[in-house]
Amino acid sequence: MSAADVGLAGRDQAYFGPVFLVMSLASGLAAMVGIVMALAGKDTAGPSQVATGLLAALLLTSASWIAGTQAAAEARWRRRLAPSAAARRARQGYAALRLELAACASAGPAVMLVAQAFVKPVHEVLGLAAAALVVLGGALLAGTWLGLRALPARRAWWQRPSILAVRRLSGWRRWRRVPTVTDMALDRNSHGGLVWLVLLPQYLTQGPNWRFLAWGAPLAQGWILAWFGVWMFVLALLVNAVTLGPPLHWRARLAPGGLAPGAWARRMLAASVLSAVGWMAFELAVGALFTAEPLRAAQFSSWVPVAADAVLAMTWVLWVRGVRNTGAFHMLACVTLGVAVPLLLLAVQALGFSPQRGGVLLALELAAAALLALAAQRAWARQDLNRLMPLR
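This structure is a prediction, so every number in the text was calculated from the model and none was measured.

As a further point, take the packing of aromatic side chains. One pass over the structure, following the stated rule, counts three aromatic pairs. Aromatic pair Trp279 and Phe282: ring centres 5.6 Å apart, planes at 90°, arrangement edge-to-face. Placement of both Trp279 and Phe282 in helix H11 (residues 261–289) is noted, with a separation of three residues, approximately one turn of the helix. Taken together, a centroid distance of 5.5 Å and an interplanar angle of 55° make the contact between Trp316 and Trp319 tilted. On the criterion of helical spacing, the pair formed by Trp316 and Trp319 is a turn pair, its members being three residues apart in helix H13 (residues 303–323).

Glancing now at the environment of Leu126. Checked against the element boundaries, Leu126 lands in helix H5 (residues 122–153). Leu126 sits in the exposed class, given a relative accessible area of 56%.

Scanning the entire structure with this criterion turns up two salt bridges. Across the salt bridge formed by Asp309 and Arg357, the nearest N and O atoms sit 2.7 Å from each other. Taken together, the positions of Asp309 in helix H13 and Arg357 in the loop between helix H14 (327–350) and helix H15 (359–381) put the pair 48 residues apart, joining distant regions of the chain. Accessibility expressed as a relative area gives 0% for Asp309, which makes it buried.

A word on the packing of H11 against H13. At a closest axis distance of 9 Å, the pairing of H11 and H13 adopts a crossing angle of 145°. The element H11 and its partner H13 pack so that their crossing is right-handed. On H13, the residues that touch Met268, Leu269, Ser272, Val273, Ala276, Val277, Met280, Ala281, Leu284 and Ala285 of H11 are Trp303, Val306, Ala307, Ala310, Val311, Met314, Thr315 and Leu318. When grouped by side-chain class, the residues that make up the contact of H11 with H13 number 16 nonpolar, two polar and no charged.

The N-to-C vectors of H13 and H15 enclose an angle of 25°; their axes lie 8 Å apart at closest approach. It follows from the interaxial angle that H13 and H15 lie roughly parallel. For the element pair H13 and H15, the recorded crossing hand is left-handed. Along the lines of polarity and charge, the residues of the contact of H13 with H15 split into 19 nonpolar, two polar and three charged.

Parameters at a glance
- Residues numbered from 1 in each chain as written.
- Predicted model: local features only at pLDDT ≥ 70, side-chain atom pairs only at ≥ 80, totals over all residues.
- Heavy atoms only, no water.
- Phe/Tyr/Trp six-rings, centres within 6.5 Å; stacked < 30°, edge-to-face > 60°.
- Helix = DSSP H or I, 4+ residues; strand = E, 2+ residues; numbered from the N terminus.
- Buried < 20%, exposed > 50% of the residue type's maximum accessible area, 1.4 Å probe, protein only.
- Salt bridge = Lys/Arg side-chain N within 4 Å of Asp/Glu carboxyl O.
- Axes fitted to C-alpha atoms, helices over the stretch in contact; angles between N-to-C directions.
- Left-handed = near helix turned anticlockwise from the far one by under 90°.
- Contact = heavy atoms within 4.5 Å.
- Nonpolar A, V, L, I, M, F, W, Y, C, P; charged D, E, K, R; others polar.
- Parallel < 35°, antiparallel > 145°, perpendicular 65-115°, else oblique.

If you want it as structure tokens, here you go:
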């Protein structure tokens, strides 16, 4: 592809950057799982098939999006009565983007199959490779056809609501991450939920050590309490990346029906809690797909306790940040939560009780989270929200 071709698709390549990032992370995770399984001597084909299916679904939707953008670009050139070379260069540029995306999606399954070649017969690996090639190739072709043929032909009935939805969710109307003052001073942007993917390597390779998350697990042993403290510290560290709030743009604040500070704080608190719980559920679901059968029952039973942990961590961090919204106070919230939870469990144990994951601990966590939510809402309502307002 020539420099002119790259220039035509350059802006769109930056526009599709998040798609390539998500695909790279998913493919890299698949490769890592394949290597870990090979080192452990496991020769099951289930994880490679699941990874190929998930990547194929992602490739299908992404290829259709790129192809749909290509169809719109070609139509734009035709309306301008431009020479056919311009439309051809655009077509080549978008085709190259789809091929790069397909190569990115294929890298993970390829590494998994190469790793499996050390623990499985070669003919079985070749069969899995052929199946993966058919699935990924079919997803690429189907996505391209949908984007170029099927979706543009039906654009008349869905174009208007789609445009309205994009306008509604874009610009100053879109909900945004609520940064600390330190983040704004350093002009540092978080990658949001993608930060949660750092848990997956530990969750996959140290699965037996995370049994304390399961329902009914005892919390009396010293090393379990240490793990619990580390877990709450990491959870408090990560929830800061998924704090979401309504728009603070001056147009949204001054518009009729605009949010007062108290109403803004309530919506920010509710959205942040739901965001943390949603990302934690996604984390557990992805981890359960690639772990051994004996661990899956414990992992599925840990969803409710982990959701309570996420709610407690989010409300605690938001309350501390509401007192003073700086990076230092956020780190103070992480450390204090990671230390306070094991100490409280030790105190309960010293009183003659045996703490465990169950209804009592769940009720105590949710009650504490409710009190912290009220305190956080009041603290944020007293803050000067203009300091968090975007400049544009």
